[in-house]
Amino acid sequence: MRDVAIIGIGQTPVSEHWDISLCDLAVQAVKAALLDAGIERPEMLFVGNMLSAALSRQQNLGALVADHAGLRGIEAYKVETACGSGAAAVRMAYMAVAGGACDVAVACGVEKMTDGTPEEATAALAEAADALYEATHGLSFVAINALLMQRYMFEYGYRHEDFGPFSINAHENASTNPNAMFRRPITREQFVRSRPIADPITLLDSSGIGDGSAAVVIATGELATRLGRPVVRIAGSAGATDSVAVHDRREPLFFSAAHTSSQRALAQAGVTAADIDFAELHDAFSITAALSLEACGFAPRGKGVALALGGEISRQGRLPISTLGGLKARGHPVGASGVYQVVEAVQQLRGQAGSNQLPGCRLGMTQSIGGSGANIITHILERIS
Amino acid sequence: MRDVAIIGIGQTPVSEHWDISLCDLAVQAVKAALLDAGIERPEMLFVGNMLSAALSRQQNLGALVADHAGLRGIEAYKVETACGSGAAAVRMAYMAVAGGACDVAVACGVEKMTDGTPEEATAALAEAADALYEATHGLSFVAINALLMQRYMFEYGYRHEDFGPFSINAHENASTNPNAMFRRPITREQFVRSRPIADPITLLDSSGIGDGSAAVVIATGELATRLGRPVVRIAGSAGATDSVAVHDRREPLFFSAAHTSSQRALAQAGVTAADIDFAELHDAFSITAALSLEACGFAPRGKGVALALGGEISRQGRLPISTLGGLKARGHPVGASGVYQVVEAVQQLRGQAGSNQLPGCRLGMTQSIGGSGANIITHILERIS
Amino acid sequence: MSIPMYWRTSHQRLALTGEVCPTCEAKLFPPRDICPHCNSPAKTRFDFCGRGTVYSYSLVNVAPRGFERCAPYVVALVALEEGPLLTAQLTETDPQDVFIGMPVEMVTRRMREGSEQGLIEYGYKFRPCMERAEA
Amino acid sequence: MSIPMYWRTSHQRLALTGEVCPTCEAKLFPPRDICPHCNSPAKTRFDFCGRGTVYSYSLVNVAPRGFERCAPYVVALVALEEGPLLTAQLTETDPQDVFIGMPVEMVTRRMREGSEQGLIEYGYKFRPCMERAEA
Ligand SMILES: [Zn+2]
Ligand SMILES: [Zn+2]
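Residues numbered from 1 in each chain as written. Chains lettered and ligands numbered in written order. Predicted model: local features only at pLDDT ≥ 70, side-chain atom pairs only at ≥ 80, totals over all residues. Heavy atoms only, no water.

1. With respect to the overall build of chain C
Move 1: Along chain C, the regular secondary structure elements total three helices and eight strands.
Move 2: Sorting the 135 residues of chain C into buried and exposed places 55% on the buried side.
Move 3: Here the contacts in chain C between residues at least 6 apart in sequence split such that 51% fall between residues at least 24 apart.
Move 4: Taken as a whole, chain C presents about 5900 Å² of accessible surface, with 51% of it coming from carbon and sulfur.
Move 5: Where the 15 positive side-chain charges of chain C centre and where its 16 negative ones centre are 6 Å apart. (Helix = DSSP H or I, 4+ residues; strand = E, 2+ residues; numbered from the N terminus. Buried < 20%, exposed > 50% of the residue type's maximum accessible area, 1.4 Å probe, protein only. Contact = heavy atoms within 4.5 Å. Areas by Shrake-Rupley, 256 points an atom, 1.4 Å probe, with all protein chains shown as cover. Lys, Arg positive; Asp, Glu negative; His and termini not counted. Charge placed at Lys NZ, Arg CZ, Asp CG, Glu CD.)

Structure representation (structure tokens):
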């Protein structure tokens, strides 16, 4: 397969965009990414989205977004892996370019949460879980993750407040990201006193949902060099699955799909977890971040929370995560988050992360999760100097 | 890109499968295709589906189907291009294998229409159209196509009864296909007297929706040869888009995406429309079949209906279409139809089409449409002797 | 349609507000930010006069959810005087009298029975053109 | 849940009917056609006894549509005596009294407020185990 680079990035702020439609949100991100890349007309578009059918009564987003972005006629598809849909769009675009089906593709993630009521959104998000054996019992998506967190605390002896560093770090990093939804740092005190959603998960354990869109332009390495753009390579790309229902797994506290996809992506890049300078992980809930750290090999089992308690996930730590706020505080426009992660990793690797810049970073990992560990996609991005 | 072959096919009958769930339908087709191919564990799965969120409250189908098919852990995605979703899954699997991301991939299309009420299904199908400017005006998906048919009749001087050969041919061919939903031939008399749905489209102009799933196993040509399987090559594969809303096009009666994608697929295969032995076209409505014939170059503009009237689309004609019943009479499980077309083309090319067998056919075209001409995917399949 | 979607499109629905492309001068309805004909940014407001002719039509007998009790009703592609096509219902006409080429004009009507989120939806329909019928 | 979905799963919901894998003897709930542990066909019916222990639990304060007026309620992963985990609500217990390892047994209860398509849904919930509490 061919060498592949990300040559353009675009994003809208994550927010409640009452005045912008689903389609126009996507168009803004796609146009920004194309402008950044200096490309007029890509050959393919992959749109990652989860909720447009439920909340905006609109499908066929591939053709819709292509047309409205001024790209009528190009090949275009929607990809869905629940909350990881954006990363799936990136993976499809990567495969198309690396495999030779085209030279330039755009991956766009978009989610318009505010076209439905909050109850509709909560019900629609539960469609990431097993409809027949989880959702029908009244489990919201939060509740399913709460079951993991409760068991994790029981098995490894943590208290709820021990998860605080994940959220505090994310809010700290979001506070200086102009595209983030929650730009106010939070204190340990606020974390401890936060309102329960599905015990033990509180509001401040949870990512905030919002409207947003992000896009990347993916091209052959050769084209990237020719254009003279700052080059960020996709050094590794992989996906893996697990059962959709948590109860169908023998080890619910081990995200086997995160393990498999990260190991494959690292192997493809020819590096190990120890080489990674920072990771944009799927911190939809604080427990999710902990389980991801462990499954990817950044911490032994049961020690993901300890890693955070030790300060190692902050920008000054051994493995900075959520460096521009993460899902937690940049905000989680569900099907778009996987692309936001890639956009932010490129910002870091290009040295365009503003006051959040990690000095001298060269290798970043992004990992996005559809469902409670069901479909997990990992990318390794590398700055070429 | 590498040479690619279809080494396994599987399908369920199209029917009202009250006793089989969305997931189990897909599993049946996937298992049948893997059995046919003699493959235990493919590396990737692409699921084409349109309506699971609306009618079954279930997303995340990639992981769900992979797990229930005994393939827990493999890479899996859902792809959506409305009514053409199944063909999109085939295209993704083709790109993954041809490009070198994997050696064996499965494309599965599945639709479970009967989990919702007919009114819910009608509303959900309209999500293939423009939600804000078509569906909100009370246009069903049928009505949008009826606008095309009325204009076509006006411009080219046809009467409604002239469209009869499309439906009569489809029912005739379905009558001997055990997987077809409507296995009774219809007469010209029945066609003329059929009940209007959205005038001029009647019940017998329209494909019947039903539950169903179909799957294909796609592998490198090298692997196919090694396995000693009957070899059907994917000689061409392409997709193209148009505006989602019909009113956004300057020439509503020309399916430009059908033109572009068929020209690209034919060029890749190194053949022309005249070389094609039969075509599985997207005959969701009789007008759709006519417009597809014209856009692909099988008939001049305005002459698609004349081609059918001349008997050229029957199994004895110059370009047999819907050779096992088509969407019209095999049935149209929306997101699955694009895979059924490919499965049926492989049946023909392998000489496994039973009493519907076209003698000596070598080149088949399949073309699937998402929306009213918005997203169109074409494949050229070739028997290797 | 949800309340935010309705509110966001109220100018289009109630006043046929679209855009004109400053580059190729195409009139655009529904509005969009990029001209599909020349790919230039197109954000200049343009109000359509509301008159046009029927480009195609259909009598809907089987209606989607929310429109069941309105059926049968006539829907049409209307070619606006300024150029673009749009999709709308026809009203105040006998289905038998509709023909391709029929002059029509825009009126504001309730769009569907019932409501989502307590919203009563209003928007454009088209009726046979009064002025021209008299002329 | 629509009527077909409910009807199709009534044995599972009302009698905890699952499967046993004839090859590796794993007990499977919810039922599925292929054993996830050894990949063999698994269609042999197996009725679970309905007893188990709480593997994990959560008190749901913010409920999805259809469950708003039931909140707060307790949901749990229950480890059935025969092996598999399942997801269910706990009932007839004070949320404060729930603990990991608590013995529970299956009961049939109404699942949610209101209904879709006029259907009142029944299914399994779990309550503290009566027999064991007395033993
Ligand atoms: Zn223009
Ligand atoms: Zn087994």
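2. Focus: the interface of chain A and chain B
Move 1: The partner chain B presents 53 residues to the 53 residues of chain A that form the contact.
Move 2: In total, about 4200 Å² of surface goes out of reach between chain A and chain B, with carbon and sulfur atoms giving 49% of it.
Move 3: Counting every contact that joins chain A to chain B gives four salt bridges.
Move 4: Two residues, B:Glu80 and A:Lys78, come together in a salt bridge whose shortest N-O distance is 3.7 Å.
Move 5: Going through the elements one at a time, β2 (44-48), α2 (52-56), α3 (61-68), β3 (75-80), α4 (85-99), β8 (232-241) and β11 (375-383) of chain A are the ones with two or more residues in the side of chain A that touches chain B. (Buried area = accessible area lost by both parts, 1.4 Å probe. Salt bridge = Lys/Arg side-chain N within 4 Å of Asp/Glu carboxyl O.)

3. What about the sheet that holds strand β3 (residues 44-47) of chain C?
Residue and element names in this part refer to chain C.
Move 1: Across the sheet, which stays open at both edges, the three strands sit in the order β2-β1-β3 with antiparallel pairing between neighbours. Each having just a single partner strand, β2 (27-28) and β3 make up the two edges of the open sheet.
Move 2: Where strand β1 (residues 17-20) meets β3, four bridges bridge the pair, whose relative direction is antiparallel. For Gly 18, the partnering residue across the bridge sits in β3 and is Phe 46. (Pairing = 2+ DSSP bridges.)

4. With respect to the interface of chain B and chain C
Move 1: In this assembly, 31 residues from chain B lie in contact with 36 residues from chain C.
Move 2: Contact between chain B and chain C buries roughly 3000 Å² in total, counting both sides, with carbon and sulfur atoms accounting for 62%.
Move 3: The largest contributions to the chain B side of the interface with chain C come from B:Tyr133, B:His137 and B:Leu147, which together make up 24% of the buried area.
Move 4: Inspection of the chain B/chain C interface yields two salt bridges.

5. A word on a nonpolar patch on the surface
All names here are of chain C.
Move 1: On the surface, Leu 14, Ile 120 and Tyr 122 cluster together to form a nonpolar patch covering roughly 260 Å² of accessible area.
Move 2: Counting through the fold element by element, Leu 14 comes out in helix α2 (residues 10-15).
Move 3: What makes Leu 14 partly exposed here is its relative accessible area of 39%. (Patch = residues over 30% accessible without salt bridge, like charges linked within 9 Å, V, L, I, M, F, W, Y side chains within 5 Å.)

6. With respect to the coordination of the zinc ion (ligand 1)
Residue and element names in this part refer to chain C.
Move 1: Donor atoms from the polypeptide that coordinate the zinc ion (ligand 1) comprise Cys 21 (SG), Cys 24 (SG), Cys 35 (SG) and Cys 38 (SG), at 2.3 Å from the metal.
Move 2: Taken together, the four donor atoms coordinating the zinc ion (ligand 1) and their angles of 100 to 115° define a geometry best described as tetrahedral.
Move 3: Expressed as a motif, the donor residue spacing for the zinc ion (ligand 1) is C-x2-C-x10-C-x2-C.
Move 4: Look at Cys 35 and you get buried, because its relative accessible area is 0%. (Donors = N, O, S within 2.8 Å, 3.2 Å for Na, K, Ca; no water. Tetrahedral: all angles 85-135°; square planar, octahedral: opposite > 155°, others 65-115°.)

7. Topic: the pairing of strand β4 (residues 104-111) of chain B
Residue and element names in this part refer to chain B.
Move 1: Across the eight residues of β4, eight count as buried, placing the element largely inside the fold.
Move 2: In β4, alternate side chains face the same way, and those of Val 104, Val 106, Cys 108 and Val 110 on one face and Ala 105, Ala 107, Gly 109 and Glu 111 on the other are all buried.
Move 3: Pairing analysis gives five bridges linking strand β2 (residues 44-48) to β4, with the strands arranged parallel. Within β4, the residue paired with Val 47 across the bridge is Cys 108.

8. Brief notes about the packing of α4(A) against helix α14 (residues 337-350) of chain A
Residue and element names in this part refer to chain A.
Move 1: Where α4 contacts α14, the axes come no closer than 5 Å and their chain directions differ by 60°. Judged by residue contacts, Gly 86, Ala 87 and Val 90 of α4 engage Gly 338, Val 339 and Val 342 from α14.
Move 2: Classifying every residue of the contact of α4 with α14 by side-chain character gives four nonpolar, two polar and no charged. (Axes fitted to C-alpha atoms, helices over the stretch in contact; angles between N-to-C directions. Nonpolar A, V, L, I, M, F, W, Y, C, P; charged D, E, K, R; others polar.)

9. Quick word on helix α3 (residues 61-68) of chain B
Move 1: When you tally the buried positions in α3(B), you get eight out of eight residues, the bulk of the element.
Move 2: Within α3(B), the full set of buried residues consists of B:Leu61, B:Gly62, B:Ala63, B:Leu64, B:Val65, B:Ala66, B:Asp67 and B:His68.

10. Quick notes on the packing of helix α1 (residues 22-37) of chain B against α3(B)
Residues and elements named next belong to chain B.
Move 1: Orientation of α1 relative to α3, taken along the N-to-C sense of each, is 60°, at an axis distance of 9 Å. Taken together, the axes of α1 and α3 are oblique relative to one another. For the pair α1 and α3, the sense of crossing is right-handed. Touching Leu 22, Cys 23, Ala 26, Val 27 and Val 30 of α1 are Leu 61, Leu 64, Val 65 and His 68, all from α3.
Move 2: A per-class count over the contact of α1 with α3 returns eight nonpolar, one polar and no charged. (Parallel < 35°, antiparallel > 145°, perpendicular 65-115°, else oblique. Left-handed = near helix turned anticlockwise from the far one by under 90°.)

11. Here we look at the coordination of the zinc ion (ligand 2)
Residue and element names in this part refer to chain D.
Move 1: Distances from the zinc ion (ligand 2) to its protein donors, Cys 21 (SG), Cys 24 (SG), Cys 35 (SG) and Cys 38 (SG), fall within 2.3 Å.
Move 2: Note that the zinc ion (ligand 2) binds four donor atoms; their angles at the metal cover 100 to 115°, and the shape is tetrahedral.
Move 3: Site description for the zinc ion (ligand 2): donor spacing in sequence, C-x2-C-x10-C-x2-C.
Move 4: We classify Cys 38 as partly exposed; its relative accessible area is 27%.

12. Focus: the packing of aromatic side chains
Residue and element names in this part refer to chain C.
Move 1: Taken as a whole, this structure holds 24 aromatic pairs over all chains when the rule is applied.
Move 2: Judged by centre distance (5.8 Å) and plane angle (70°), the rings of Phe 29 and Tyr 124 are edge-to-face. With Phe 29 in the loop between β2 and β3 and Tyr 124 in strand β8 (residues 122-128), this pair connects stretches of sequence that are 95 residues apart.
Move 3: Relative to Tyr 73, the ring of Phe 67 has its centre 6.3 Å away and its plane inclined at 45°; by these criteria the two rings are tilted. The exposure classification of Phe 67 matches that of Tyr 73, with both residues buried. (Phe/Tyr/Trp six-rings, centres within 6.5 Å; stacked < 30°, edge-to-face > 60°.)

By themselves these figures say nothing about function.
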